[in-house]
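Understanding the architecture of this molecule
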Amino acid sequence: MSILSETHKIVTLNEFIINSQKGFDFATGELSGLLHHIGLAAKIVNREVNKAGLVGILGAAGSNNVHGEDVQRLDIFANLHFHKAMRNSEFCGGIASEEDDDCVIYEGERARNAKYVVCIDPLDGSSNIDVNVSIGTIFGIYRRISPVGQPCVEKDFLQPGNQLVAAGYIIYGSSTMMVYTTGTRVNGFTLDPSIGEFCLSHPDIKTPLQGSIYSINESYQSQFSDGVNRYLAYCKEIEPFTGRPYNSRYIGSMVADVHRNLIKGGIFAYPATKDNPQGKLRLLYECNPLAFIVEKAGGMATDGKNRILDIQPTNLHQRLPTYLGSTAMVRKAMQFVQGEE
Ligand code: AHM
Ligand code: MG
């Protein structure tokens with residue numbers, strides 16, 4: 001007779017979402033429904049990302065494929081499918097997406113009565129999309145502030161990250177993972193393609209206080225401030241007691257860089273440059289959701305001075321300098337950026 005150990009029980013994303021909801025007496029299931037639909041869209045996008053290498057066979061973006069269908073760019077495809085998923089969930093009043101100039105407000109009674117709005121970068125890491133390097137989806141979910149019963153408005157999306165109800169990312173990499181938090185623990189689920197389910201693989205992720213990886217595009221060195229350049233020199237100094245020199249790792253897909261550092265410990269930075277005084281990354285759908293996750297895993301996220309999650313957005317696509325990851329490393333970087341080192 002063999003006994004199946006409790007520890008080997010497979011927990012799927014949907015089972016996990018439903019079980020988590022049971023912990024809240026007044027939960028209506030709407031947030032659970034949203035998360036379920038995000039997981040569904042992620043699987044559809046994952047299927048398409050996996051086919052990206054077959055472009056020569058299936059047809060390049062912008063052309064017709066052998067079936068006479070339009071071949072879409074993957075980022076447009078991802079945007080469309082996350083829109084579809086959110087609209088079909090009936091729990092989302094609208095989306096602010098990197099792919100759309102304005103927020104998209106859904107019509108109809110269910111959308112007017114929906115409690116939540118979503119900020120999303122449907123497919124981040126555009127330079128890596130066509131070359132088989134990890135890319136990702138980033139999302140943040142807010143409770144709307146406009147009255148339920150009316151269409152959502154732009155100010156529903158312009159909330160500081162400290163108001164996030166849930167945030168997460170999907171990484172399409174050597175395996176596909178969804179990592180999310182509803183404000184307590186950060187949990188990671190790996191897609192098992194053989195059964196088509198995300199399965200709990202990384203429960204209660206905690207990021208190390210101190211790591212040994214720094215992730216930054218050093219080719220902008222001539223455009224960084226003196227403080228940032230002094231910090232880069234510090235990362236490369238030989239100082240065995242503090243684990244330096246740190247390892248340089250930069251994929252150019254924020255989700256992949258942040259995910260690796262979250263697990264192993266490290267700092268990810270995209271500072272201001274002379275050409276882009278606000279950096280490159282977008283507050284609403286890149287920085288805030290990842291800052292929320294990093295903080296909930298025990299890390300820290302700042303623009304060099306202020307906590308990212310406390311910044312009041314004024315514009316859907318606003319950018320900001322970003323430093324996030326292991327708390328001790330981010331603190332040190334801030335000292336350099338602020339000229340204290
Ligand atoms: P994107 O939204 O056009 O994909 O740009 C965001 C990406 C991030 O994932 C990544 O960290 C950064 O851009 C890389 O930019 P750079 O090539 O300037 O280093
Ligand atoms: Mg992006």
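From a predicted model like this one, the values you see are computed outputs, not experimental measurements.

1. Things to note about the environment of Asn-79
Locating Asn-79 in the fold gives a position in helix H4 (residues 74–89). In sequence terms Asn-79 and Ala-333 are 254 residues apart; their C-alpha atoms lie 34 Å from each other.

2. A look at the site of ligand 1
Near ligand 1 you find 16 residues, and of these Asp-124, Tyr-220, Tyr-250, Met-254 and Tyr-270 are the closest. Measuring from an oxygen atom of ligand 1, one finds a side-chain N or O atom of Asn-217 at 2.8 Å. Across the complex, the protein chains shield 86% of the 470 Å² of accessible surface that ligand 1 would expose by itself. Where the shell around ligand 1 is concerned, the elements lending two or more residues are strand E3 (116–124) and strand E11 (267–270).

3. Points about the sheet that holds strand E1 (residues 92–97)
Strand pairing in a sheet is mediated by backbone hydrogen bonds. Such pairs are either parallel or antiparallel. Reading across the sheet, the eight strands line up as E2-E1-E3-E4-E5-E6-E7-E8 and stay open at both edges, with mixed pairing between neighbours. Edge positions in the open sheet fall to strand E2 (104–105) and strand E8 (197–202), since each of these has one partner strand only. Sheet topology places strand E5 (residues 164–172) next to strand E6 (residues 176–181); six bridges connect them, and they run antiparallel. Bridge pairing in E6 places Tyr-169 opposite Val-179. In the packing of helix H1 (residues 13–21) onto the sheet, contacts are made with E6, strand E7 (186–192) and E8, and the angle to E6 comes to roughly 10 degrees. In the packing of helix H2 (residues 30–50) onto the sheet, contacts are made with E1, E3, strand E4 (135–143), E5, E6, E7 and E8, and the angle to E5 comes to roughly 15 degrees.

4. What about the domain arrangement of the protein?
Split into domains, the protein comes out as domain 1 (3–202) and domain 2 (213–337). The C-alpha-based centres of domain 1 and domain 2 are spaced at 24 Å. Contacts between the two partners involve 44 residues from domain 1 and, on the opposite side, 30 residues from domain 2. When the two sides are added together, the surface that domain 1 and domain 2 hide from each other amounts to roughly 2700 Å², 67% of it contributed by carbon and sulfur. If you sort the residues of domain 1 by the area they bury against domain 2, Ile-138, Leu-158 and Tyr-169 come out on top, with a joint share of 23%. Remark: the boundary between domain 1 and domain 2 carries zero salt bridges. There are ten residue pairs in polar contact (both at pLDDT 80 or more) connecting domain 1 and domain 2. Breaking the side of domain 1 that touches domain 2 down by element, the ones donating at least two residues are E1, E3, E4, E5 and E6. For the side of domain 1 that touches domain 2, the class distribution of residues is 21 nonpolar, 16 polar and seven charged.

5. Brief notes about the sheet that holds strand E12 (residues 300–302)
Across the sheet, five strands lie side by side as E10-E9-E11-E13-E12; this open sheet has mixed pairing. Edge strands, defined here as strands with exactly one partner in the open sheet, are strand E10 (247–248) and E12. Here four bridges tie E11 to strand E13 (residues 322–325), and the two strands are oriented antiparallel to one another. Paired with Tyr-270 across the two strands is Thr-322, which belongs to E13. Of the strands in this sheet, strand E9 (213–215), E11 and E13 are in contact with helix H7 (residues 254–264), which crosses E9 at around 165 degrees. Running at roughly 30 degrees to E13, helix H8 (residues 283–296) makes contact with E12 and E13 of the sheet.

6. Some remarks on the nonpolar core
Counting 42 residues, the largest nonpolar core has Phe-157, Tyr-169, Leu-284 and Leu-324 as its most contacted members. Among the elements that take part in this core, H8 stands out by supplying nine residues, more than any other. Structurally, this core is a two-domain feature, drawing no fewer than three residues from each of domain 1 (3–202) and domain 2 (213–337). With residues up to four places along the chain from it excluded, the contact list for Leu-284 reads Cys-119, Phe-157, Leu-158, Pro-289, Pro-313, Asn-315 and Leu-316.

About the thresholds
- Residues numbered from 1 in each chain as written.
- Chains lettered and ligands numbered in written order.
- Predicted model: local features only at pLDDT ≥ 70, side-chain atom pairs only at ≥ 80, totals over all residues.
- Heavy atoms only, no water.
- Helix = DSSP H or I, 4+ residues; strand = E, 2+ residues; numbered from the N terminus.
- Near = heavy atom within 4 Å.
- Polar contact = N/O pair within 3.5 Å; in protein donor to acceptor, adjacent residues only side chain to side chain.
- Areas by Shrake-Rupley, 256 points an atom, 1.4 Å probe, with all protein chains shown as cover.
- Pairing = 2+ DSSP bridges.
- Contact = heavy atoms within 4.5 Å.
- Axes fitted to C-alpha atoms, helices over the stretch in contact; angles between N-to-C directions.
- Domains from an automatic or database assignment.
- Buried area = accessible area lost by both parts, 1.4 Å probe.
- Salt bridge = Lys/Arg side-chain N within 4 Å of Asp/Glu carboxyl O.
- Nonpolar A, V, L, I, M, F, W, Y, C, P; charged D, E, K, R; others polar.
- Core = buried A, V, L, I, M, F, W, Y, C linked by side-chain atoms within 4.5 Å.
- Buried < 20%, exposed > 50% of the residue type's maximum accessible area, 1.4 Å probe, protein only.

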